[in-house]
Amino acid sequence: MENSKKNRPSLDASGASENSLSSLNCIDLSTRDIHKSVSLLKQACLDSGFFYVINHGISQEFMDEVFNQSKRFFDLPVSEKMKLFRNEKHRGYTPVLDEHLDPANQIHGDFKEGYYIGVEVPENDPDWHKPFYGPNVWPTAVSKIFCLDGGKLWRNITVRHYAEEIDGRVLLVTHKVAKAVARIIALALNLEIDYFDRQEMLGKPIATLRLLHYEGRISDPVKGIFGAGAHSDFGFMTLLATDDNDGLQICKDKDAKPQQWEFVAPLKGAFIVNLADMLERWSNCTFRSTLHRVLGNGQERFSIAYFVDPSHDCLVECLPSCQSQENPPK
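About the criteria used
Residues numbered from 1 in each chain as written. Predicted model: local features only at pLDDT ≥ 70, side-chain atom pairs only at ≥ 80, totals over all residues. Heavy atoms only, no water. Helix = DSSP H or I, 4+ residues; strand = E, 2+ residues; numbered from the N terminus. Contact = heavy atoms within 4.5 Å. Areas by Shrake-Rupley, 256 points an atom, 1.4 Å probe, with all protein chains shown as cover. Buried < 20%, exposed > 50% of the residue type's maximum accessible area, 1.4 Å probe, protein only. Pairing = 2+ DSSP bridges. 1 Å grid on protein atoms, 1.4 Å probe; cavity = no way out; pocket = protein on both sides within 12 Å on 5 of 7 lines; lining within 4 Å. Points joined across faces, edges and corners; volume = space filled by probe spheres on them. Nonpolar A, V, L, I, M, F, W, Y, C, P; charged D, E, K, R; others polar. Expected span 1.5 Å × (residues − 1). Arc of directions from axis to C-beta. Axes fitted to C-alpha atoms, helices over the stretch in contact; angles between N-to-C directions. Parallel < 35°, antiparallel > 145°, perpendicular 65-115°, else oblique.

Chemist: How should the overall build of the protein chain be read in this particular structure?
Modeler: On a plain count of helices and strands, the protein chain comes out with seven helices and 14 strands. Considering only contacts within the protein chain whose residues lie at least 6 apart along the sequence, 77% involve residues at least 24 apart. Entry remark: accessible area of the protein chain is about 15,000 Å², with carbon and sulfur atoms responsible for 51%.

Dropping the structure here:
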């Protein structure tokens, strides 16, 4: 987890000091000591809602190839990428400055670009009309530059994330990791281990993979310039794979004046997992959805985010183990 400090931007009191590095718990999905995993995860969820997951079953070689293909796409001319501008299903390309995650403090949008890929749902599926379900958009359809290999390599590498088919829907292989983490979360909340496996929860999820590319621009929080503005995710949880460059920061106390930001170091082969707003509400604010942002340090940065949400049919209400007479639902 060691990372060179030279890659971290130096900030004043409104950001983070050069040495401010967060220490996150590490959950090993291959261990048989489930009690240790539950204890480490619970501590992390109470403290910051961020932790590492290792030995998750996805090979480093495969992840490296996904990063290579991501770079291959983002290296295309903007004119080519804009032909795949995101559609009403939130599939496709989002250009630099398109998103404003922290409009109160940003003078521009985020200095990042992205590409959304979601759960493949065929047109004859009864849920096809719902938001975030449907077919994906692939760059091979429009870019001759990208189709030098017949257009198959990029899609095949990306589709290998889709390894599990349930009721005709093709799910990301990353979803198996998310479900494994959700089982530990369930135990940490004193629920049955398969509580979140239910069909209306993660059995039939809304799940989105997003390839992300940050420009080699230096962020300046004082001037409102960010790779990604401060925000908390809105769903159940997020799994993040990153390259070796620093940039991600978390703020454990969003109400502090001034806010204190800590860098999260990349960890080779790991997912950085963070809880999102829905799970904070679900757990009656027992577990935390933490403010985070990305600062550019002058180097290109690539990451892959997997956003996990339950299905449209899921009723989110205070979990039975997270309420009592002394602690009623908020």
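Chemist: Can you walk me through the pairing of strand β10 (residues 248-251) in this structure?
Modeler: Two faces, one strand: in a regular strand the side chains alternate between the faces of the sheet. Residues L248 and I250 point to one face of β10 and Q249 and C251 to the other, with burial holding for every one of them. Pairing between β10 and strand β13 (residues 291-294): four bridges, direction antiparallel. Among the inter-strand pairings, C251 is bridged to a residue of β13, identified as L291. Of the pairings in the sheet, the one linking β10 to strand β11 (residues 262-263) comprises two bridges and is antiparallel in character. Bridged to I250 within β11 is E262.

Chemist: What's the story with the layout of surface pockets in this structure? I'm lost.
Modeler: Empty space among the atoms becomes apparent when a probe as large as a water molecule is rolled across them. For the largest pocket, the calculated volume is near 710 Å³. The wall of the largest pocket is formed by 37 residues, among which Y116, R210, D233, F234 and F307 lie closest to the centre. Looking at the lining of the largest pocket, the elements that each hand over two or more residues are β4 (112-118), β7 (206-214), β8 (228-231), β9 (237-242), β12 (271-275), β13 and β14 (301-309). Looking at the lining of the largest pocket residue by residue, the classes come out as 19 nonpolar, 10 polar and eight charged.

Chemist: Would you mind going over helix α1 (residues 34-47) with me for this structure?
Modeler: Quick reminder: α-helices carry 3.6 residues per turn. Residues three or four places apart thus point the same way. With 14 residues, α1 should reach 20 Å at 1.5 Å per residue; the first-to-last C-alpha distance of 20 Å fits that figure. Within α1, burial applies to S37, V38, L41, A44 and C45. Looking straight down α1, one finds that the buried residues subtend no more than 135° of arc, so they occupy a single side. Across α1 from its buried face, at more than 90 degrees, point the exposed residues H35 and K36. Looking at the packing, one finds that the buried side of α1 touches β1 (26-28), β2 (50-54), α5 (174-188) and β12. Directly after α1, the chain includes G49, whose backbone phi takes a positive value near 75°.

Chemist: Please explain empty space enclosed by the protein as it appears in this structure.
Modeler: Overall, the coordinates contain one cavity of 30 Å³ or more when judged by the stated rule. The calculated volume of the largest cavity comes to roughly 40 Å³. In this structure, the largest cavity is lined by F111, Y214, E215, R217, S219, G227 and G296. Of the residues contributing to the lining of the largest cavity, the split by class is two nonpolar, three polar and two charged.

Chemist: What exactly am I supposed to notice about the sheet that holds β10 here?
Modeler: Hydrogen bonding along the main chain pairs the strands of a sheet, whether they run parallel or antiparallel. Strand order in the open sheet made by the four strands is β8-β13-β10-β11, with antiparallel pairing throughout. Two strands bound the open sheet, and with one partner strand each, they are β8 and β11.

Chemist: What should I look at first to understand helix α2 (residues 60-74) in this one?
Modeler: If you check α2, its first and last C-alpha atoms are 21 Å apart, about what 15 residues at 1.5 Å a residue would give, namely 21 Å. When we look at burial in α2, the residues that qualify are F62, M63, V66, F67, Q69, S70, F73 and F74. Angular distribution of buried residues about the axis of α2 spans 165°; they occupy a single face of the element.

Chemist: When you look at the packing of α1 against α5 in this model, what are you seeing that I'm missing?
Modeler: Any two packed helices are characterised by the angle at which their axes cross and by the distance between the axes. Their axes nearest at 9 Å, the elements α1 and α5 cross at an angle of 80°. The orientation of α1 relative to α5 falls into the category roughly perpendicular. Side by side, α1 and α5 meet where I34, S37, V38, L41 and K42 of the first sit next to V181, I184, I185, L187 and A188 of the second. Of the residues belonging to the contact of α1 with α5, the class tally is eight nonpolar, one polar and one charged.

Chemist: Teacher, can you tell me more about unusual backbone geometry here?
Modeler: Leaving glycine aside, a negative phi is the common case for residues, and trans is the common case for peptide bonds. Omega for the bond connecting K257 with P258 falls within 30 degrees of zero, at -5°, which places this linkage in the cis form. Along the polypeptide, P258 turns up in the loop between β10 and β11. One non-glycine residue, H90, adopts positive backbone phi at about 60°. Topologically, H90 is positioned in the loop between α3 (78-81) and β3 (92-94). Taking the relative accessible area as the measure of exposure, H90 reaches 34% and is therefore partly exposed. If you check the backbone angles, N284 has positive phi at about 60° while not being a glycine. Relative to the helices and strands, N284 is located in the loop between α7 (277-282) and β13.

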